[in-house]
Amino acid sequence: MALQKMLIYGEWVPAAAGRSISVYNPATGELVDEIPAASAEDVATAVGAAHSAFPAWAHTPAVKRAELLDRSRHSLLSRREEIARLITEECGKPLRQSHGEVNVAADFIRWYAEEGRRSYGEWIPDPLPDRRLLTIRQPIGVAAIITPWNFPAYMVARTATAALAAGCTVVIKPARQTPLTALALARAFNDGGIPPGVLNVVTGDANVIGQAFLDDQRVRKISFAGSPKVGKLLMRGAANHVKRVSLELGGHAAFIIMSDAALDRAIDGLMSAKFQNAGQTCIAPNHVYVHSSLLAPFLELLSSRVERLKVGNGLDSETDVGPLINRDALEKVSSHVNDAIDHGARLLTGGHQLTADDQAKGNFYAPTILADVTPQMRITREETFGPVIAVTAFETDDEAIERANSTQYGLAAYLYTRDISKAIRIAERLDVGMVGVNDTRIAAVEAPFGGVKLSGIGREGGREGLAAFTETKQLALRIEPA
């Protein structure tokens, strides 16, 4: 297979030093491809390309930017099958989920192509009769976008397209586990007519590339989705040049089932949200709090559903749950489960790595349910990021809210109840950025996505996602009397 190349100033180029990194399929352990390992010199070249392209792109009429983005969307959709397969091969998720991800990526491009034409300022009532105050929104400049591996198409489209629509130029650094999808999207943008230098992609080591972004004063905004540890490092480093940052740093979503909940609907929502991408999503329910009156039927029904899930290679059409991304992820999930059992949790199903037949070479873990989970267990305090459901019973509304808020994260939470008044009261008290009430489909192209506390700062998606790549400029105009 040919070594992949990076996109810099409209050209496909290797790393200057000629080094590369291997990309492996987490379901089979097989080599998928080789990618360039960018040096600080490569990053500086990409940032320079974005910097030189910025003035012309920023002054391109929004309607023209929208036209080019829409052409890029059509180019992306023409590669739908190829990109979906790439996602599954390097990320592991079932192919039908990968198809869905490509479609949502295209939806983000369409949304921001349209929303970029509505980046409005405002006219401000002025107390002085001979002055008028107004604001306009202008693009920040060069944006460095660091995306995670679990949604390699979705996250690139959601963030990069918002920046492009706002008039920024971008340098994208995809996760080293899933760079091929980002490069495929870059081809779609390139073929769609995005001018050279407006969108660039560098691949390789996160430490090298991240530090180069921080050191370069021409980078005015950093958008990052990933671990809290790395997010904190980026935030500290960004302070040296006072760069703007948006950080999405994971979650520990509570799933609360009140005594009056429609149990079947709650389990449907839980299954859908928890086992997508083998539980490797930042808004996946990590801990279920179920009213004690529903605990026994809930565990019985949930166990029967979980035990029917098929785990396997995402390219198999019958697969429900694919592999974890790598051995480190597998070991983390296993350690969380073992710690919980050691501290008294009841294992209802799963609880082990899968190694039979074709699963032996992959990173597969059995879908797992743990009951009687307590605050002392690691799974209560840390983000597991795997196909494990931790269950705890509660008695009162206040108890459920207190437990849900006890984590250091605050991205999302879910609540099931038939009482709309109770739903509103509890949702307002949950210390998170997003709440799903009787529904787990909380992510939407049109809506802001983000959290509080250790889950990060800023919002992506919707109008807020576009505004995150703009600066507000105030104009004070003196006028002569009539």
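Here the structure is shown first, and the text comes after it.
The rules behind these values
- Residues numbered from 1 in each chain as written.
- Predicted model: local features only at pLDDT ≥ 70, side-chain atom pairs only at ≥ 80, totals over all residues.
- Heavy atoms only, no water.
- Phe/Tyr/Trp six-rings, centres within 6.5 Å; stacked < 30°, edge-to-face > 60°.
- Helix = DSSP H or I, 4+ residues; strand = E, 2+ residues; numbered from the N terminus.
- Lys NZ or Arg CZ within 6 Å of the ring centre and 35° of its normal.
- Expected span 1.5 Å × (residues − 1).
- Buried < 20%, exposed > 50% of the residue type's maximum accessible area, 1.4 Å probe, protein only.
- Contact = heavy atoms within 4.5 Å.
- Pairing = 2+ DSSP bridges.
- Axes fitted to C-alpha atoms, helices over the stretch in contact; angles between N-to-C directions.

J.: Explain the packing of aromatic side chains to me, please; I cannot follow it from the model alone.
T.: What characterises a pair of aromatic rings is the spacing of the ring centres plus the angle enclosed by the ring planes. Taken as a whole, this structure holds seven aromatic pairs when the rule is applied. Taken together, a centroid distance of 5.8 Å and an interplanar angle of 85° make the contact between Trp 149 and Phe 385 edge-to-face. Here Phe 385 lies in the loop between α12 (378-381) and β16 (388-394) and Trp 149 lies in the loop between β7 (142-146) and α5 (154-166), a separation of 236 residues in the sequence. The side chain of Arg 158 reaches across the aromatic face of Phe 449, ending 4.6 Å from its centre. In this arrangement the basic side chain of Lys 221 is found over the ring face of Phe 469, its NZ or CZ atom lying 4.2 Å from the centre.

J.: Any chance you could explain helix α2 (residues 62-78) here in plain terms?
T.: Helix length check: α2 (17 residues) gives 24 Å between terminal C-alpha atoms against 24 Å at 1.5 Å per residue, within 8%. All buried positions along α2 are accounted for by Arg 65, Ala 66, Leu 68, Leu 69, Ser 72, Arg 73, Ser 75 and Leu 76. Contacts made by the buried residues of α2 are with α1 (40-58), α3 (80-91), α4 (95-115), α5 and α6 (179-191).

J.: Would you take a moment to explain the sheet that holds strand β6 (residues 131-139) for this structure?
T.: Read from one edge to the other, the open sheet built from three strands follows the order β5-β6-β20, with strand pairing classed as antiparallel. Whereas interior strands pair on both sides, the edge strands pair on one side only; in this sheet they are β5 (122-124) and β20 (470-478). Averaged over all pairs of adjacent strands, the angle between their axes in this sheet comes to 25°, without regard to strand direction. Pairing of β6 with β20, which is carried by nine bridges, proceeds in the antiparallel orientation. Looking at β20, one finds that Arg 137 is bridged to Thr 472.

J.: Any chance you could explain the sheet that holds strand β17 (residues 412-416) here in plain terms?
T.: Whether parallel or antiparallel, the strands of a sheet pair through hydrogen bonds between backbone atoms. Strand order in the open sheet formed by seven strands is β14-β15-β16-β13-β12-β17-β18, with mixed pairing between adjacent strands. Edge positions in the open sheet fall to β14 (346-349) and β18 (434-437), since each of these has one partner strand only. Strand-to-strand twist across the sheet, computed as the mean angle between neighbouring axes with direction ignored, equals 20°. As paired elements, strand β15 (residues 368-371) and β16 share three bridges and run parallel to each other. From the neighbouring strand, Thr 368 faces β16, where its bridge partner is Val 388.

Just geometry here; none of it tells us what the structure is for.
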